[in-house]
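Residue-level structure breakdown
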Amino acid sequence: GPVARVYLLRLLEELVVDGVNEIVTASDDNGSPADGDVPAESNVQPHAGGGTSSNQSYLATSMLVRRRQQAMSANDITNHPKHNQAQAFLSAFAGILTPVWFACILEGCREEASASSVLRLMILMLQSSPTFAHEFEKAGGFAPLVLSIPKFSTCPSITMSMLSQLLHAPILHLPCFATLDASQLCEVFDTESDSTELIMNESIQGGLHTPSDPSCGIFALLAECLGRNIQLASFKNELGKKALQTNEAVLQLLSHRHTFSSSFQEFCRTPDFLEPLAQALCLVHDEKLQRMQQTRGNKHQQDQTKSHTHNAADQVDNNRRQMTVKGINDSMISLGNDAGEDFMSWPSIEGNSDHRQAVVRMKRRGSLCDVVTDETPTERFVGKVDEEGEGSGVGMVQLLHLVLSHAVFKGPLAAPLVSALFRSFPIHASPNQVEAFHLVLIEHCRSVAEDALQRGEPIALANCIGVTSVLLDRLMAGFFTSEPVLEAVKIAISTLDCLTATGTYASRTLGNADQNMLIADIAHLSRLMCLTALQRSRPMGPYDEGDDDLKLAVLDAIGRNLRQLLLIRASVAGSSGGQGRRQGGSVGSVFTPPAPGSRFYPLWQSASLARCCPPSVSCTYPDLAAVEEPDRAFVVALMAEIHIMLMDKRRDIREQAVVIVVSLLQQRRGFMSELLITDIPRGDNRVETVDLMNRGGFGALLVAHEAATIAENISTVPRRGSSRSSGSGGMSVGKLKYVSFFEWLERNQAQVAAVFHGIHIQASRMLPGVDVGAASPEE
């Protein structure tokens, strides 16, 4: 029965501890202590199974000296004199108490006391016997226990055992608590955690924090328990209250240890922590969605009950509308039911061409018009803190924020960690889950970046740019829908603005050389971000209508910040007739990578994921050093996109595209002349020079814009909010300024198309890979 099982398990623990004590306290053949340098252990009291034994000096420290010194020097090993005998004794137990034995006993446990005793004995063997630890890892680590331990996720002693292994605290030194309290946990683990011997034990070959499979680690098991507690906390009963209190205590402890423990900070940068945390958050999101669907289902039933009171005429009208909708849907693309199907079936090709043309373009999933603006991404993902409490998924998100903040503020190379987070969603996650998780990451990346730009050191500023490069990498990989695309553009633009504007904290903190180098990187990333965002806003295929709201928002962002985007220029740009302001010194030297070991090298390396990503990760964007003429490449690629926008069906999009053209004509007239004056080969072996600048509408557009602006300034009183930059000024009167340009554009479509065909070719050559379309949800 349960009582006998608990008694036998605690007896096994006593045998292990007292047996080792008998060995290490025994005298040698001469009746004297084995070694004068070794502390006397004759006063060690018999161990009580399941209790605290803080005077077990050998099991806590001495036994692991050999493994620590193996990492230091193999020629100077000073073990406890009875080390080999103690290890032989523990190996005998390890031969019987195998990982499979522990897994089978835990699988059969039906009460907390038995499971707690089994797990405590297993952690004791892990921390005491390298032989058992090696066999435990070969058997799959903690992964087999995921079916048994989470059943007891509210048990304080089981949670203490898992925290003991996670935070490197000797299991024999930890007290037993009836309930978990955050202040008590912090006090205990501040004293006992980060045992040097346990950390060294795991850092060498055979340790449990190996990068082979994060699901085998102790944090994966703890995260499962935290996720189950979040599900239990939704029930308003005693068990739900206990689950919430347990999570609050554990999450506050982890946040506390992350603040003060360098070992735990390092662990939080590994996949062993990042992947289980992301998967637990996605499970929390699933639970929230299920509750929302249940609520909607109850509301729908109530609405149906109320609908029975409608009169007969209303019923007839409703039936007629339903039949009409059904008839249309039968011949259109099947969009799935309301339960959340994420993929569209292939459209039918039957029917006449007019009907196919009418139904071929479908609304894009995740368009800006569908964004919920009254809740933050975190609130949409896991709920509000005042409703759910810190013991819910909100506490896990706060821990995630702490990890992000530490990575950005406290050292170089934050980009690989952020990139790992974006890739750590469960393999079985749906597109909606991935999008929601990415939005939470983007929200906290933006919060951390804004904080770093206001008070961070130069390395923190470089890390902000590195975070932007991660967002660009994921954007170009096709993972983002409209809302994360626009948020990524805003982060890039705001970072660029903080580094280039005079009087900001970032501009005051950085020296000239640091500032020029970092501005070159963030300008390059912002340009690619804007270009890719424009491409993602366009239709990606014959059955996608694109997102006009995203298109207009990105065009507006480019127009308002075009001066900053064109601030840094390659040295070759000066010979191209550009009229922009030069930076001091050799502009080309800004793009030269610094030498390894120099003061600038950590900043340069941290500012781009492409320079510091692990070998297993390939970046999707071209690094600044790989682009020969960044300034010219951006203008060419932007004009290629603007040509498409000038032909858009919406007038406001066309007018915003003209605003950008005017700014380019004002700030890069030399570039624009080279692009808009070109030779077009004809069929009869002759070449025709097409001039859209001097003899075309683009030159007249600039003249008309400047004349209209002067007339407007003279004839009208300036209104509040009208003092915008030249890149976006005049948009309010665009209908009057640009009507003649659009008339010219319609009359000369053939010549314009021929010139811009060459511009598209140049863009694909100067920025290869940027024009790749986004992957479909299935891909």
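Just so it is clear, the structure is predicted and the values come from calculations on it, not from any experiment.

Let us now look at the overall build of the protein. From N to C terminus, the protein includes 36 helices and two strands. Burial analysis of the protein (779 residues in total) assigns 50% to the buried set. Approximately 36000 Å² of the protein is accessible, and the part contributed by carbon and sulfur atoms is 53%.

Evaluated as defined, the whole model comprises 26 salt bridges. Across the salt bridge formed by arginine 455 and aspartate 451, the nearest N and O atoms sit 2.7 Å from each other. Taken as a pair, arginine 455 and aspartate 451 lie in helix α21 (residues 431-455) at a separation of four residues, close to a single helical turn. Put simply, glutamate 674 and arginine 632 hold a salt bridge, and the shortest N to O gap is 2.6 Å.

Evaluated as defined, the whole model comprises zero disulfides. Cysteine 176 carries a free sulfur, and the closest cysteine sulfur to it, the one in cysteine 155, is 9.8 Å from it.

This part takes up helix α23 (residues 482-500). Relative to the 27 Å expected for 19 residues at 1.5 Å per residue, α23 spans 27 Å between its end C-alpha atoms, a close match to the ideal helical length. Burial runs high along α23: 15 of the 19 residues are buried.

Turning our attention to the pairing of strand β2 (residues 687-691). Two strands pair when backbone bridges link them, and strand β1 (residues 677-681) and β2 are joined in this way by five bridges, in the antiparallel orientation. Within β2, the position partnered with threonine 678 by the bridge is valine 690. The hairpin turn running from β1 into β2, its antiparallel successor, is five residues long, and asparagine 685 in that turn takes a positive phi close to 60°.

Residue placement: histidine 285 occurs in helix α14 (residues 271-307). Once residues within four sequence positions are removed from consideration, histidine 285 is found in contact with Arg380, Phe381, Gln433 and Ala436.

A cluster of nonpolar side chains, namely Tyr7, Leu8, Leu11 and Leu15, defines an oily patch on the protein surface of about 400 Å² accessible area. By the secondary structure assignment, leucine 15 is in helix α1 (residues 2-25). You can call leucine 15 partly exposed: its relative accessible area is 42%.

Turning our attention to the packing of aromatic side chains. What the rule picks out here adds up to 19 aromatic pairs. Considering the side-chain rings of phenylalanine 267 and phenylalanine 273, the 6.1 Å spacing of their centres and the 70° angle between planes classify their relative orientation as edge-to-face. Plain terms: the ring middles of phenylalanine 698 and phenylalanine 756 are 6.2 Å apart, the flat faces sit at 45° to each other, and that makes the pair tilted. Of the two residues, phenylalanine 698 is situated in helix α33 (residues 697-715) and phenylalanine 756 in helix α36 (residues 749-766); the sequence distance between them amounts to 58 residues. Residues phenylalanine 698 and phenylalanine 756 agree in their burial class; the two are buried. Ring pairs connect the aromatic residues Trp101, Phe102, Phe132, Phe136 and Phe142, which therefore count as one cluster.

Next up on the list: the packing of helix α30 (residues 630-646) against helix α32 (residues 669-676). Axis separation between α30 and α32 bottoms out at 11 Å; the angle between their running directions is 55°. Classified by the angle their axes make, α30 and α32 are oblique. As for how α30 packs across α32, the hand of that crossing is right-handed. The segment α30 lies against α32, with Asp631, Arg632, Val635, Val636 and Met639 engaging Phe671, Met672, Glu674, Leu675 and Leu676. Of the residues that constitute the contact of α30 with α32, the class distribution is seven nonpolar, no polar and three charged.

Here we come to the confidence of the model for the protein. Summing up the model confidence of the protein, the mean pLDDT is 80 and the portion of residues at 70 or higher is 74%. When the criterion is pLDDT under 50, residues 61-77 qualifies, and its contacts beyond four places in sequence or with other chains add up to 30 contacts. For the stretch residues 721-734, pLDDT sits under 50, and the model shows 25 contacts to residues farther than four places along the chain or on other chains.

Turning our attention to the side chain of serine 424. On the secondary structure map, serine 424 appears in the loop between α20 (415-422) and α21. Judged by relative accessible area, serine 424 falls into the buried class, the value being 2%. Within the structure, serine 424 has its side chain in polar contact with the backbone oxygen of leucine 421 (distance 2.7 Å). The residues contacting serine 424, other than those within four sequence positions of it, are Leu274, Glu275, Ala278, Gln279 and Phe437.

With that out of the way, let us pick up unusual backbone geometry. Its identity as a non-glycine residue notwithstanding, histidine 168 has a phi of 55°, on the positive side. Turning to its location among the elements, histidine 168 is positioned in the loop between α8 (156-166) and α9 (182-192). Its identity as a non-glycine residue notwithstanding, leucine 413 has a phi of 65°, on the positive side. In this fold, leucine 413 is placed in the loop between α19 (393-409) and α20.

Next up on the list: the environment of leucine 609. With respect to the helices, strands and loops of the structure, leucine 609 is situated in helix α29 (residues 609-612). Along the backbone, leucine 609 and aspartate 473 are 136 residues apart, and their C-alpha atoms lie at a distance of 8.2 Å.

How each quantity is defined
Residues numbered from 1 in each chain as written. Predicted model: local features only at pLDDT ≥ 70, side-chain atom pairs only at ≥ 80, totals over all residues. Heavy atoms only, no water. Helix = DSSP H or I, 4+ residues; strand = E, 2+ residues; numbered from the N terminus. Buried < 20%, exposed > 50% of the residue type's maximum accessible area, 1.4 Å probe, protein only. Areas by Shrake-Rupley, 256 points an atom, 1.4 Å probe, with all protein chains shown as cover. Salt bridge = Lys/Arg side-chain N within 4 Å of Asp/Glu carboxyl O. Disulfide = S-S within 2.5 Å. Expected span 1.5 Å × (residues − 1). Pairing = 2+ DSSP bridges. Contact = heavy atoms within 4.5 Å. Patch = residues over 30% accessible without salt bridge, like charges linked within 9 Å, V, L, I, M, F, W, Y side chains within 5 Å. Phe/Tyr/Trp six-rings, centres within 6.5 Å; stacked < 30°, edge-to-face > 60°. Axes fitted to C-alpha atoms, helices over the stretch in contact; angles between N-to-C directions. Parallel < 35°, antiparallel > 145°, perpendicular 65-115°, else oblique. Left-handed = near helix turned anticlockwise from the far one by under 90°. Nonpolar A, V, L, I, M, F, W, Y, C, P; charged D, E, K, R; others polar. pLDDT = per-residue confidence, 0-100. Polar contact = N/O pair within 3.5 Å; in protein donor to acceptor, adjacent residues only side chain to side chain.

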